[in-house]
Amino acid sequence: MRFLSTRGNSEPLEFADAFAAGLAPDGGLYVPESLPSIDSLISDNTLEYPELAAAFFKLFDHDHSSEKIDDLVHQSYSTFENPANAAPLIPIADKTHVLELFHGPTFAFKDFGLQLVGNMFEDQIDRTGKSINVLGATSGDTGSAAIHGLANKEGARVFILYPEGKISNIQERQMTCTGADNIFPIAIDGSFDDAQRIVKDLFGDLDFKRRAGLSAVNSINLARILAQSVYYIHAFNQLKPSQKSDVRFIVPTGNFGNVLAGWIASRMGLPVKGLTVATNQNDLLFRLFNDGTYKPRQVEPSLAPSMDIQIASNFERFLYYHLKGDGEKTSLIMKKIKEGEEVDVPNFDPGLFSATRTDDEGIMKNIRKAKEEYGYIPDPHTACCFNHIESEETSVILATAHPAKFPETIEQSIKESPKHENLEKLKELEPKKVNLTAETDIIRQYLESNILI
Ligand SMILES: *Cc1c(COP(=O)(O)O)cnc(C)c1O
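This one's a predicted model, so the numbers in the text were calculated from it and none came from an experiment. (Residues numbered from 1 in each chain as written. Predicted model: local features only at pLDDT ≥ 70, side-chain atom pairs only at ≥ 80, totals over all residues. Heavy atoms only, no water.)

Caption draft 1: Geometry of the sheet that holds strand β14 (residues 353-357). Pairing in this open sheet of six strands is mixed, and the strands run β4-β5-β15-β10-β11-β14 from one edge to the other. The open sheet has two edge strands, β4 (89-91) and β14, and neither has a second partner. The mean inter-strand angle of the sheet, taken between neighbouring strand axes irrespective of direction, is 25°. (Pairing = 2+ DSSP bridges. Helix = DSSP H or I, 4+ residues; strand = E, 2+ residues; numbered from the N terminus. Axes fitted to C-alpha atoms, helices over the stretch in contact; angles between N-to-C directions.)

As structure tokens, this is what we get:
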């Protein structure tokens, strides 16, 4: 199976090379040349999660041997609470379910992609003999999931920039208390935007990038998206036969990676009736799916910080499919978007997608409502899914983080504070980080003396 760039101007690559490349040379994102059928993976006798994931990856990855894929996948989900059922489906009403995606090592759904990405990087290091230095910026969940995907892996070092004092205490401890020698958390005296700008500058310094063997783990990573399609199939397989004819997935959305994975599963044959994009007050995608216009605005920090985005990076993949694989048109529209123009998507048809938006007040209200009506406590991101659940159809709400990651908001909303013993244990560990000035040269210098070559 080959992978093509959404901008149509790069050589097609096989899986392992597309994975290693990240972004295509023409600036596009890699998409599979075709989407194979998953009919054989849809069944009533639920496969164990790692078996399902391995079978799914074998449809795309023809570089690794079948045994190697089994190994990589089993290793990746062995760190979850119950590997055989890594994504439990919890009924909370007759036709309403929560798909809990927070039973991995960092208690957020990003572990599904990043545990696997970590192991794929390790395999790449083994095969090529070349070490890698991962550089990223985080406002919380991605950084810690990437760190836990690569902690203690030989040949890999991880440098994650974050704004000092602007991420939650738990998130900071998840990054700084791993005890792993190859992890370098960098607290900068600036904002998340500063952190992102510095990372972008360093990746843009092509000489340094090559010398340092820099790799990224951002949300456009191909393996992350594919890994996320698996739990939609897993959820569907766990439903009762009578519930399978009208399934709607409701998905807390920021960069559009998670819900895009569901859409891909539907294109491969998963019978999905609808996909609801649930945004917070940063409602770019809510507006897009209602009027077909892509119009970024300034980010307003919210109670669901991992969805505070200005641009939805994975939208480019959807756009490419919407334009029937026309790389030239995709390229043109993405160029306008990059220049900050407002863009009308031609012949926009939301298809399976609909959207809902929840501001901070709504998040607090929905946490209360979920507890009162369903006896379920969602985290602030998942709370965005509880606006108006249709009791006539089968709903599957994707729960993207454990509520104990956001104790302050939950406490404020329902006067109780959820806990998780592993998060409690973090409080006793010794943090390890450096504090640096938010200047590209200073960060480059720090990297120069700490990268693995
Ligand atoms: C990253 C994240 C999201 C947003 O997912 P996207 O794939 O970027 O749409 C939602 N909830 C939580 C808890 C997250 O960490």
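Read on, since the account is not over.
Caption draft 2: Layout of the sheet that holds strand β9 (residues 214-215). Pairing is parallel across the open sheet formed by five strands, whose spatial order is β9-β6-β7-β8-β16. Two strands close off the open sheet at either side, each with one partner strand: β9 and β16 (434-436). With three bridges joining them, strand β8 (residues 183-188) and β16 adopt parallel strand pairing. The partner of Ile 188 across the bridge, within β16, is Leu 436. Lying over the sheet, helix α5 (residues 141-150) contacts β6 (132-137), β7 (156-163) and β8, oriented at roughly 165° with respect to β7. Where helix α18 (residues 440-450) meets the sheet, it contacts β6, β7, β8, β9 and β16, and its direction lies at approximately 165° from that of β8. (Contact = heavy atoms within 4.5 Å.)

Caption draft 3: Main features of α5. Along α5, eight of the ten residues are buried, which leaves the element largely enclosed by surrounding structure. All of the buried residues along α5 are Asp 141, Gly 143, Ser 144, Ala 145, Ala 146, Ile 147, Gly 149 and Leu 150. Of the surrounding secondary structure, the elements contacted by the buried residues of α5 are α4 (110-128), β6, β7, α6 (169-176) and β8. (Buried < 20%, exposed > 50% of the residue type's maximum accessible area, 1.4 Å probe, protein only.)

Caption draft 4: Region of the structure containing the nonpolar core. Within the largest apolar cluster, 102 residues are counted, with the highest numbers of intra-cluster contacts made by Tyr 231, Tyr 232, Phe 249, Phe 256 and Phe 289. With eleven residues, the top contributor of residues to this core is helix α9 (residues 222-238). Sequence-distant contacts of Tyr 231, defined by excluding residues within four places in its chain, comprise Tyr 49, Ala 87, Leu 99, Leu 101, Phe 109, Phe 112, Asn 258 and Leu 398. Listed in part, the 21 residues of the second largest apolar core include Val 98, Ile 250, Ala 370 and Cys 385. (Core = buried A, V, L, I, M, F, W, Y, C linked by side-chain atoms within 4.5 Å.)

Caption draft 5: A look at unusual backbone geometry. If you check the backbone angles, Phe 107 has positive phi at about 65° while not being a glycine. You can see Phe 107 is positioned in the loop between β5 (96-100) and α4.

Caption draft 6: Expanded view of the pattern of salt bridges. Going through the model one piece at a time under the given rule, you end up with 23 salt bridges. Among the ionic pairs, Asp 283 bridges to Arg 287, the shortest N-O distance being 2.9 Å. Taken together, the shared-partner salt bridges in this structure form one network comprising Asp 207, Arg 210, Arg 211 and Glu 448. (Salt bridge = Lys/Arg side-chain N within 4 Å of Asp/Glu carboxyl O.)

Caption draft 7: Up close: the site of the ligand. Neighbouring the ligand are 15 residues; Lys 110, Asp 141, Gly 254, Asn 255 and Thr 400 lie closest to it. For the ligand, whose free accessible area comes to 390 Å², the fraction covered by protein is 97%. Residue composition of the shell around the ligand, grouped by class: five nonpolar, eight polar and two charged. (Near = heavy atom within 4 Å. Areas by Shrake-Rupley, 256 points an atom, 1.4 Å probe, with all protein chains shown as cover. Nonpolar A, V, L, I, M, F, W, Y, C, P; charged D, E, K, R; others polar.)

Caption draft 8: Geometry of the side chain of Asn 387. Tracing the chain through its elements places Asn 387 in the loop between α15 (380-383) and β15 (394-399). Within polar-contact distance, the side chain of Asn 387 engages the backbone oxygen of Arg 357 at 3.2 Å. Here the side chain of Asn 387 touches Thr 358 through a polar contact of 2.9 Å, side chain to side chain. Apart from residues lying up to four places away in sequence, Asn 387 is in contact with Thr 356, Arg 357, Thr 358, Asn 366 and Lys 369. (Polar contact = N/O pair within 3.5 Å; in protein donor to acceptor, adjacent residues only side chain to side chain.)

Caption draft 9: Quick look at the pairing of β5. With five of five residues buried, β5 lies mostly within the body of the structure. Residues Thr 96, Val 98 and Glu 100 of β5 are buried on one face, and the alternating residues His 97 and Leu 99, pointing to the opposite face, are buried as well. As paired strands, β4 and β5 are joined by three bridges and run antiparallel to one another. Bridging from a neighbouring strand, Ile 90 pairs with Val 98 of β5. Connecting β4 to the next strand, β5, in antiparallel fashion are four residues. Where β5 lies against β15, five bridges are found, and the strand directions are parallel. Paired with Val 98 across the bridge in β15 is Ile 397.

Caption draft 10: How the structure looks around the packing of aromatic side chains. Applying the stated rule across the entire model yields 29 aromatic pairs. Aromatic side chains Trp 263 and Phe 318 sit 5.1 Å apart centroid to centroid with 75° between the ring planes, which places their arrangement in the edge-to-face category. With Trp 263 in helix α10 (residues 257-267) and Phe 318 in helix α12 (residues 315-322), this pair connects stretches of sequence that are 55 residues apart. Here Trp 263 matches Phe 318 in class, with each residue buried. Members of the aromatic cluster, connected to one another through ring pairs, are Phe 256, Trp 263, Phe 289, Tyr 294, Phe 315, Phe 318, Tyr 320, Tyr 321, Phe 348 and Phe 353. Positioned over the ring face of Phe 184 is Lys 432, at 5.0 Å from the centre of the ring. (Phe/Tyr/Trp six-rings, centres within 6.5 Å; stacked < 30°, edge-to-face > 60°. Lys NZ or Arg CZ within 6 Å of the ring centre and 35° of its normal.)

Caption draft 11: Quick peek at the pairing of β7. Counting buried positions along β7 gives seven out of eight residues, so the element sits mostly inside the fold. With six bridges connecting them, β6 and β7 associate as parallel partners. Looking at β7, one finds that Ala 137 is bridged to Leu 161. Handedness of the crossover joining β6 and β7 through α5 is recorded here as right-handed. With six bridges connecting them, β7 and β8 associate as parallel partners. The residue of β8 that forms the bridge with Val 158 is Ile 183. The handedness of the β7 to β8 crossover, carried by α6, is right-handed. (Right-handed = clockwise from strand over helix to strand, strands pointing away.)

Note that every value here comes from positions in space, so none of it alone points to a role or purpose.
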